[in-house]
Amino acid sequence: MNKLLMGISCSGGKRVIRVRYAPSPTGTLHIGGARTALFNYLFARHHHGQFVLRVEDTDRARLVPGSEEGMVAGLRSLGINWDEGPDIGGEFGPYRVSERVLRHQQAVKRLLDQGLAYRCYCTPEELEQERKRLESQKLPPRYSGKCRLRPPNDPIFQSDEPFVVRMKVPSKGETVVNDLIRGRVVFENRILDDFVLQKSDGTPVYNFAVVLDDHDMAITHVIRGEEHLSNTPKQILIYEALNLPVPQFAHLPMILAPDHTKLSKRHGATSVEEYREQGILPEALVNYLLLLGWSASDDTEIMTLDQAIEWFDLNRVQHTAAIYDIKKLVWMNSQYMRTIPIGTLIDYVLPFIKSRQLDVSRGPDLARAIELGRERSHTLLELREALTFFYERPRSFDEQGVKKHFADEKTPERLRALAQSLKKLRVWDHDHLVAVYDEEAKQLGIKRAALIHPTRLAVTGKTVGPGLFELLEVLGQEETVARLLDAATAITEQHVKPTP
RNA sequence: GGCCCCAUAGUCUAGAGGCCUAGGACGCCGGACCCUCAUUCCGGAAACAGCGGUUCGAAUCCGCUUGGGGCUACCA
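Attention here is on the structure that accompanies the text. Within every chain, residues take consecutive numbers counted from 1 along the sequence as written. Chain letters start at A and ligand numbers start at 1, both assigned in the order the entries are written. Only residues with pLDDT of 70 or above have their local features reported here, since the model is predicted, and side-chain atom pairs are shown and tallied only from 80 upward, although totals for entire chains, interfaces and linings are computed over all residues. The side-chain values count all of the structure's non-hydrogen atoms but skip hydrogen atoms and water molecules.

## Some details on empty space enclosed by the protein
Using a grid of 1 Å spacing that covers the protein atoms alone, one calls a set of points a cavity when a 1.4 Å probe fits there but cannot get out, and a pocket when the set is open and has protein on both sides within 12 Å along at least five of seven lines; lining residues are those with an atom within 4 Å of a point. Grid points are joined across faces, edges and corners, and a volume is the space filled by probe spheres set on the points. This model, assessed by the stated rule, comprises one cavity of 30 Å³ or more. Taken as a whole, the largest cavity spans an internal volume of roughly 40 Å³. If you trace the largest cavity, you find it lined by P23, L53, V55, E68, M71, V72 and L75. In terms of residue count, the dominant contributor to the lining of the largest cavity is helix α2 (residues 67-77) (four residues). Class assignment for the residues of the lining of the largest cavity results in six nonpolar, no polar and one charged. The way it works is that DSSP assigns letters per residue, a run of H or I at least four long becomes a helix, a run of E at least two long becomes a strand, and they are numbered from the N terminus. The classification used treats Ala, Val, Leu, Ile, Met, Phe, Trp, Tyr, Cys and Pro as nonpolar, Asp, Glu, Lys and Arg as charged, and all other residues, Gly among them, as polar.

Below is the structure:
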């Protein structure tokens, strides 16, 4: 057991573990965010604790309408559920930070009264100038502390001028982050400047709000991305100034794009929504995300969410940033494509079928068609493609296929002959179909394959696909015969339109 | 620039001093199977960033260098 965890999960008092995922509603649910949410969720469930969803909407200017709803939907689609949140409430609400500003303002006042923070009247322009000056001298851009030095009777304190509230950061000593993943990380206080706690519009800055909200929501473990590690000492300083207990921290490695830079739109699909649209199953995405930064102790890679809950352990979280690899995601998806229950797969593929306006109400049984298609599809998009010929007659024939399999001048008559034999078949199943082809090939003195390939091309328009006899069995007798005759006619009348 | 984190194959990772002539997975290459494709099954190439220590012994510990990432906002 992890030393750092002892004392909170053991013995009499038994404090319940509470974690949270606190996204900012400024866009879509990112795979990085989804991974953070997932790890929080797994940690909570593993320890029989609670998982809270909190919306970090302090910055009104950056708020994107619909973003929160999208994130909630995205998380739910992945099977990540929370015990408390803006959509379901809970005893520690409200769960939108914007609804908690009064609470934040009270705390700011407390710090002000205690002389642990101060009002700063420097204008953004002044600060900008100062920053530029420092940078040009290759000095770290920090706030000078000008307003901290103002005498208490400075008339500006009585004025109506807008101000921000800044933290009085101690110039000496060090602040230590005991990170559950990285261990002891030491920051010297003198590196920090007097950072802003409250903006001039009266709303709190993230670093301040997060401290109060985590405390108010009784969060015991703050599990978040590594980009927050450097800000943690500021937050610890706030906890101390407010005399609040400091939670445990765990900073997850980041997920980077293939070019080793931070994930962004230009890297293609980066949101959960986009992966859904591309036909990635939620189960596969979750499983893939799970492997980005965490591994089971026994090399197991494909696992259920329940297994992940059982095995999850922060001690096994990687320290190094991970680069996401679409190829492995797609492979993972193909694994789920062929193993999830057929009913589930039907539910997933139906929207794709609908969006292409493929009418599956007539024709072969969808489940049987899917069984043949899932084996050779990596995504739902591919599956839908593999399904189309069952419900739509080929409008054209693969060009290469025509050259190869329709070249023989006897092709039309052979297809017709096959149609005749097939029409008379009493039992339409795999074995009987094989028998027909064997017999036909024998009579013609050719190989069975010489009949199989033209048939597939004639019936599906393609050269690739399921085994012919499985395919015909599902397609049905009437339809098969009709398509063979159609193809024969098309060839004879030179109507063969090659697929470009 | 300053501070912080990180460093095993192209990628995800196992590895917590001898079990490592470094294991698994994706991808890649070759082969087998087969009516095509996809599977599946065999086989193969491919890594401990570099340099110094510590130690009988280092991928594992320490230092430096290099490289990558993060933070440094009245963003989160």
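## Description of the packing of aromatic side chains
To pair, rings of Phe, Tyr and Trp, with the six-membered ring standing in for Trp, must have centres within 6.5 Å; the planes then decide the type, stacked if under 30 degrees apart, edge-to-face if over 60, and tilted in the middle. For the structure shown, the criterion picks out nine aromatic pairs. Among the aromatic residues, ring-to-ring pairing joins F39, W294 and F312 into one connected group. Both a distance and an angle decide whether a charge sits over a ring: NZ of Lys or CZ of Arg must be within 6 Å of the ring centre and within 35 degrees of the ring normal. Between the NZ or CZ atom of R18 and the centre of the ring of F92, over which it lies, the distance is 4.0 Å. The cationic tip of R119 hangs over the ring face of F163; the distance from NZ or CZ to the ring centre is 4.7 Å.

## Points about the protein's contact with RNA strand B
When we say a residue is near a molecule or strand, we mean one of its heavy atoms is within 4 Å of it. Looking at RNA strand B, there are 67 residues lining it, with E56, R182, K199, N231 and H453 nearest. In RNA strand B, the atoms that sit within 4 Å of the protein are 71% sugar and phosphate, with bases accounting for the remainder. Here a sugar or linking oxygen of RNA strand B and a side-chain polar atom of E226 are 3.3 Å apart. Within the side chain of T320, a nitrogen or oxygen atom sits 3.5 Å from a sugar or linking oxygen of RNA strand B. Contributions of two or more residues to the surface near RNA strand B are made by α4 (124-136), β4 (164-167), β6 (183-188), β11 (322-323), α10 (326-339), α17 (449-460) and α18 (468-475). Per-class residue counts for the surface near RNA strand B are 26 nonpolar, 17 polar and 24 charged. Pairs of N or O atoms within 3.5 Å make up the polar contacts considered here, provided that, within protein, one atom can donate a hydrogen while the other can accept it, and that residues adjacent in sequence are counted only when both atoms are side-chain atoms.

## Examining the nonpolar core
For the purposes of this section, nonpolar cores are sets of buried Ala, Val, Leu, Ile, Met, Phe, Trp, Tyr and Cys residues that join through side-chain atoms within 4.5 Å. For each residue, the accessible area found with a 1.4 Å probe, counting protein chains only, is set against the maximum for its type, and the residue is called buried under 20%, exposed over 50%, and partly exposed in between. Grouped together as the largest cluster of nonpolar side chains are 104 residues, with contacts concentrated most on F51, L314, Y324 and Y437. A per-element tally of this core places helix α1 (residues 31-46) first, with nine residues. Each of two domains, domain 1 (272-388) and domain 2 (393-499), supplies a minimum of three residues to this core. Formed by 31 residues, the second largest nonpolar core is a distinct cluster that contains V169, V185, F187 and I238. Domain segmentation is taken from an automatic or database assignment of domains.

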